[in-house]
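# An overview of the molecular structure
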Amino acid sequence: KKPVHIVWDADAAEKGGYEHFMLKEMYEQPKAIADTFSPRIKDGQIVIEELGMNDEEIRAVSKIVIVACGSAYHAGMTGKYVLEGMARIPVEVDLASEFRYRDPILAEGTLVIVVSQSGETADSLAALREAKKKGCKVLGIVNVVGSSIAREADKVMYTWAGPEISVATTKAYSAQLAAFYLLALRFAEAKKSISAEEYQELTDSLLKLPQQIEEILKDRGCIQRFANRYLAAEHIFFIGRGIDYAISLEGSLKLKEISYIHSEAYAAGELKHGTISLIEDGTLVVALATQEQLYPKMVSNIAEVKTRGAFVMALTNENNKDMEQTADYVIKVPKTNRFFANSLAIIPLQLFAYYVSLGR
Ligand code: BG6
């Protein structure tokens, strides 16, 4: 056997004064993202050596299929919006437990991306094997070095989040988003689907994310106070459009996973097709509105749920000064490029889930 040196240190697996691993790991998110970026952003250029693909090979990819479970699947949903939006490449996202049993049609030129923190999730590993059996090239986005998915994928892009002890993922999810941003930018550059100025602006915005997350984490008191008002809630809904829908899914999963409050996430435009009847007087609806071009649509969705008596907590960016007139309670996150809004908006939602659970 050949010895391999794993760079994680033992302190990283200690609580280090935090009450729970989940809280500690939430606080480690700026570092997890910075560590995922730093080996791959050199002098303002995205370089993903481990991808092992030159511009021509990237241009030959006709479709991407992202396969994962749980929060990694939600990171993949954001990946779809970002890859399609920046690199103009069609992307499908599938749950690994569905993909592996449905005899998927994978045409030549399809790149399959398997996302996993542990690199050991049985369905994700089986999906990887299925994709390889069908002749596809598989890229793993994995956190645990040397795990099964990392070993069996053709190429592996590690997320450098360090050991994640909490089952409810936070920092590994954030690092997965970071990996998708890098991939999308690299693909967009090779396909020339964005201008040099856009590339520069997007890369600059990426590098600001760790600092912006620090700022949100500093302000956790207001989220804790708000969470304490909802300890007895029985149902909580999350709504959003576009990338905000992907954040809604993850915010809702985080909450139900650890607080055991029933929660659902809905694409805001779909709410009226059934679910809105479940919203009653005082039901908390968390409305995500970080996307400028969808903002007016979200304002009308908020008005819709308010007519049914919902109490609306809106999460938007600091530029949207008029949200106070629409929602009952507003949480603001710093402004970033629309493609990266997920990385900032998820932080208050993780804190909300944590404090509601702690209070209960
Ligand atoms: C679930 C966890 O069991 O597995 C989720 O509760 C996680 O938090 C999911 O996202 C997938 O795990 P992994 O290791 O493949 O990312």
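Residues numbered from 1 in each chain as written. Predicted model: local features only at pLDDT ≥ 70, side-chain atom pairs only at ≥ 80, totals over all residues. Heavy atoms only, no water.

The next thing to look at is the pattern of salt bridges. In the structure shown here, the tally under the stated rule is 21 salt bridges. In this structure, E50 engages R40 in a salt bridge whose closest nitrogen and oxygen atoms are separated by 2.7 Å. Taken together, the residues E50 in the loop between strand 2 (45–46) and helix 3 (55–59) and R40 in the loop between helix 2 (29–37) and strand 1 (41–42) connect sequence positions 10 residues apart. Since its relative accessible area comes to 26%, E50 is described here as partly exposed. (Salt bridge = Lys/Arg side-chain N within 4 Å of Asp/Glu carboxyl O. Helix = DSSP H or I, 4+ residues; strand = E, 2+ residues; numbered from the N terminus. Buried < 20%, exposed > 50% of the residue type's maximum accessible area, 1.4 Å probe, protein only.)

Right, let's talk about the packing of helix 10 (residues 220–228) against helix 13 (residues 341–359) for a bit. Where helix 10 contacts helix 13, the two axes come as close as 9 Å, and the packing angle between them is 50 degrees. Between helix 10 and helix 13, the angle falls in the class oblique. Seen along the crossing, helix 10 lies across helix 13 with a hand that is right-handed. Between helix 10, through R220, I223, Q224, F226, A227 and N228, and helix 13, the contact on the second element is made entirely by P348, L351, F352, Y355 and V356. In terms of residue class, the contact of helix 10 with helix 13 is built from eight nonpolar, two polar and one charged. (Axes fitted to C-alpha atoms, helices over the stretch in contact; angles between N-to-C directions. Parallel < 35°, antiparallel > 145°, perpendicular 65-115°, else oblique. Left-handed = near helix turned anticlockwise from the far one by under 90°. Contact = heavy atoms within 4.5 Å. Nonpolar A, V, L, I, M, F, W, Y, C, P; charged D, E, K, R; others polar.)

Over its 18 residues, helix 4 (residues 70–87) runs 25 Å from end to end, which matches the ideal 26 Å to within 8%, given 1.5 Å per residue. In terms of burial, helix 4 is largely enclosed, as 13 of its 18 residues are buried. Downstream of helix 4 by one or two residues, R88 has phi in the positive range, about 50 degrees. (Expected span 1.5 Å × (residues − 1).)

As for its placement among the helices and strands, V67 is situated in strand 3 (residues 63–68). Since its relative accessible area comes to 0%, V67 is described here as buried. If sequence neighbours within four positions are ignored, V67 has contacts with D94, L95, A96, F99, V112, I113, V114, V115 and A127.

Take the side chain of N143 next. Tracing the chain through its elements places N143 in the loop between strand 6 (137–142) and helix 7 (148–152). Look at N143 and you get buried, because its relative accessible area is 1%. Within the local environment of N143, its side chain forms a polar contact with the backbone oxygen of G162, the two atoms lying 3.0 Å apart. Excluding its chain neighbours within four sequence positions, the residues that come into contact with N143 are W8, S116, Q117, Y158, T159, W160, A161 and G162. (Polar contact = N/O pair within 3.5 Å; in protein donor to acceptor, adjacent residues only side chain to side chain.)

Within this model, the largest pocket holds a volume of roughly 330 Å³. What lines the largest pocket is a set of 15 residues, among which A12, K31, D35, A161 and G162 lie closest to the centre. Listed by contribution, the elements that provide at least two residues to the lining of the largest pocket are helix 1 (21–27) and helix 2. No other element matches the three residues that helix 2 contributes to the lining of the largest pocket. The class makeup of the residues in the lining of the largest pocket is eight nonpolar, one polar and six charged. Its volume calculated, the second largest pocket comes out at about 280 Å³. Taken together, 19 residues line the second largest pocket, and the ones lying closest to its centre are C69, Q117, T121, V167 and T169. Counting only elements with at least two residues in the lining of the second largest pocket, the list comes to helix 4, strand 5 (110–116) and helix 11 (243–259). (1 Å grid on protein atoms, 1.4 Å probe; cavity = no way out; pocket = protein on both sides within 12 Å on 5 of 7 lines; lining within 4 Å. Points joined across faces, edges and corners; volume = space filled by probe spheres on them.)

On to unusual backbone geometry. Backbone geometry follows two general trends: most residues other than glycine have a negative phi, and most peptide bonds adopt the trans configuration. The residue R88 is not glycine, and still its phi comes out positive at about 50 degrees. Judged by its relative accessible area of 59%, R88 is exposed. Phi at D103 takes a positive value of approximately 45 degrees, unusual for a residue other than glycine. For D103, the position within the fold is in the loop between helix 5 (96–99) and strand 5.

Counted by the stated rule, this structure contains nine aromatic pairs. On the numbers, 5.3 Å between centres and 40 degrees between planes, the contact of F226 with Y230 is tilted. On the basis of relative accessible area, F226 is assigned to the buried category, the value being 1%. The class of Y230 is buried, set by a relative accessible area of 10%. (Phe/Tyr/Trp six-rings, centres within 6.5 Å; stacked < 30°, edge-to-face > 60°.)

Turning to the pairing of strand 9 (residues 262–267), a few remarks are in order. Two elements, strand 8 (residues 235–240) and strand 9, share six bridges in a ladder whose sense is parallel. Residue pairing for strand 9: H235 is matched across the bridge by H262. Between the parallel elements strand 8 and strand 9, the chain passes through helix 11 in a crossover that is right-handed. (Pairing = 2+ DSSP bridges. Right-handed = clockwise from strand over helix to strand, strands pointing away.)

Our focus in this paragraph is the site of the ligand. The environment of the ligand is formed by C69, G70, S71, A72, S116, Q117, S118, T121, V167, T169 and E257. Take S116: an N or O atom from its side chain is 2.6 Å from an oxygen atom of the ligand. A distance of 2.6 Å separates an oxygen atom of the ligand from a polar atom in the side chain of S118. Starting from 390 Å² of accessible surface for the ligand in isolation, the protein chains cover 75%. More than half of the atoms of the ligand fall within 2 Å of the grid points belonging to the second largest pocket. With three residues, the single largest contributor to the shell around the ligand is helix 4. (Near = heavy atom within 4 Å. Areas by Shrake-Rupley, 256 points an atom, 1.4 Å probe, with all protein chains shown as cover. Sits in = over half its atoms within 2 Å of the grid points.)

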